[in-house]
Amino acid sequence: MKVLVVGSGGREHSLCWAIAKSPKCDELYCAPGNAGIDGIAITVDIAADDIDALVTFASETAIDFVVVGPEGPLVEGLVDKLEAAGIKAFGPSAKAAILEGSKGFMKDLSAKYNIPSADYGRFDEPDSAKEFILRHQAPIVVKADGLAAGKGVIICRNQNEAYAAVDHIMTERAFGGAGEEIIIEEFMSGEEASFFALVDGQNAVALRSAQDHKAAHDGDEGPNTGGMGAYSPAPIVDDAMAERIMNEIIYPTIKAMAAEGRPYKGVLYAGLMITDEGPRLIEFNVRFGDPECQPLMLALKSDILEALIASADGTLDTISLEWHDEATLIVVMAANGYPGRYDTGTEIKGVDDANAIEGVYVFHAGTTAENGSLRATGGRVLGITAKAKTVAQAQKLAYKAVDKIDWPGGFNRTDIGWRAIKR
Ligand code: AMP
Ligand code: GLY
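Residues numbered from 1 in each chain as written. Chains lettered and ligands numbered in written order. Predicted model: local features only at pLDDT ≥ 70, side-chain atom pairs only at ≥ 80, totals over all residues. Heavy atoms only, no water.

Chemist: Could you give me a rundown of the packing of aromatic side chains, with the residues and numbers involved?
Modeler: As enumerated under the stated definition, the model contains 8 aromatic pairs in all. Ring geometry for Trp17 against Tyr361: centres 5.4 Å apart, planes inclined by 45 degrees, an arrangement best described as tilted. Of the two residues, Trp17 sits in helix α1 (residues 10–20) while Tyr361 sits in strand β20 (residues 360–364), which places them 344 residues apart along the sequence. Each residue in the set Trp17, Tyr361 and Phe363 is aromatic and connected to the rest through ring pairs, giving one cluster. Taking the ring centre of Trp17 as reference, the NZ or CZ of Lys21 above it sits at 4.1 Å. (Phe/Tyr/Trp six-rings, centres within 6.5 Å; stacked < 30°, edge-to-face > 60°. Helix = DSSP H or I, 4+ residues; strand = E, 2+ residues; numbered from the N terminus. Lys NZ or Arg CZ within 6 Å of the ring centre and 35° of its normal.)

What follows is the structure, encoded as structure tokens:
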């Protein structure tokens, strides 16, 4: 069959890499892709958010199946438009992608269906938001309702910080239209964990546990990023915890979405706080985590394409996923300055040397090839991913490969996986 993957990051590189191994895949396309994807897939120069151009391309090329990577086009209804054009696609409809697209929707849903999450208030003007803050204890969390590229969350240590956060989002419009509404919620303490399940409207299959490191610098210090590294499995989510998460959060959400007339298909990514009382929901994403997807794809033994099609077809009850015994770990290399201002166009050398190491695969996240040289085009640029017996060994192998990369324009954390190794 002909498959199109939509997106240009490390997540999409790893999805292309895994899909290309499927005997079901005859031709693989990626829009827009990157320099690493070029070679596995035929890259097509259409942006991931150019919905109409993607639908036209998929129709004209007679694509059989589309896998949508990022949340933006899902929230904008790419899957709906593809299905209307008779093209099967992996990912939720716009009506279901609202789980990530509106934090307020997700909070109301969890309150209505008793899905454990932080207590909250939802506001469309600053005065009542501030009144709510006055009546609640700090620390307290202020969030823009809409998509804000992972930046719309402000943890406030006291009430003054919370007032300032409300002004920042609602009055100064720091996140534009995403801040038309805000959520103010209870601060939950515990260790954070991510959880991924494939969902087909009714059935769900959990993926192997994986955990990212969101902070820019070693020791989980510094500004929040999309993720500077990740590993799988993650000891914080053992089998018993995974079962609780499926029963207390994933299945109740699938039932709730169906009851609301918004059946959920695709991958459901729950951001969780593991508290003393058990798992509580921080947020949902409607896509694979990036970079968590990369170590998951490297660890997966089963045919990913078959599983993604089963999610679209509603036949996940016939699928069980098999995983390699080894642990996998990814170290993200980002442009100097990320997540703040950074330069693009800097030259990267040594990727072939890193890839030549047994058990290592370099996923590209933001690269382009220019006259035979590799150039950085994004904030997160490469993901050096390794597979070995334990997380500690995978970490060692990944950093051995990182040492082969010659890129003065970039940096990486040196402690990815430390939480799992410390246990
Ligand atoms: P989100 O974009 O909703 O995942 O939030 C970004 C980060 O803010 C999360 O990964 C958590 O570290 C933190 N966070 C969000 N909501 C809460 C909460 N209610 N309590 C504690 N930490 C939170
Ligand atoms: N790694 C976090 C995310 O994909 O949102």
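Chemist: Tell me about the sheet that holds strand β6 (residues 120–123), and please be specific about residues and values.
Modeler: A sheet is described by the order of its strands in space; here 4 strands give the open sequence β6-β9-β7-β8, paired in antiparallel fashion. Edge strands, defined here as strands with exactly one partner in the open sheet, are β6 and β8 (153–156). Each adjacent strand pair in this sheet contributes to an overall mean axis angle of 20 degrees, direction not counted. Pairing geometry for strand β7 (residues 140–144) and β8, over 4 bridges, is antiparallel. Across the sheet, residue Val142 finds its bridge partner in β8, namely Ile154. This element, helix α6 (residues 103–112), spans β6, β7, β8 and β9 (182–186) of the sheet and lies at about 140 degrees to β6. Relative to β6, helix α7 (residues 126–135) is tilted by about 165 degrees, and along the sheet it contacts β6 and β9. (Pairing = 2+ DSSP bridges. Axes fitted to C-alpha atoms, helices over the stretch in contact; angles between N-to-C directions. Contact = heavy atoms within 4.5 Å.)

Chemist: Quick one: what's the story with the sheet that holds strand β22 (residues 373–376), residue by residue and with numbers?
Modeler: Sheet strands pair by backbone hydrogen bonding; their relative direction is either parallel or antiparallel. An order of β19-β22-β21 is seen for the 3 strands of this open sheet, with the pairing classed as antiparallel. At either margin of the open sheet sits one strand with a lone partner, and together these are β19 (347–348) and β21 (367–370). Of the strand pairs in this sheet, β19 and β22 are connected by 2 bridges, and their pairing is antiparallel. The residue bridging Glu347 from the neighbouring strand is Arg375, located in β22.

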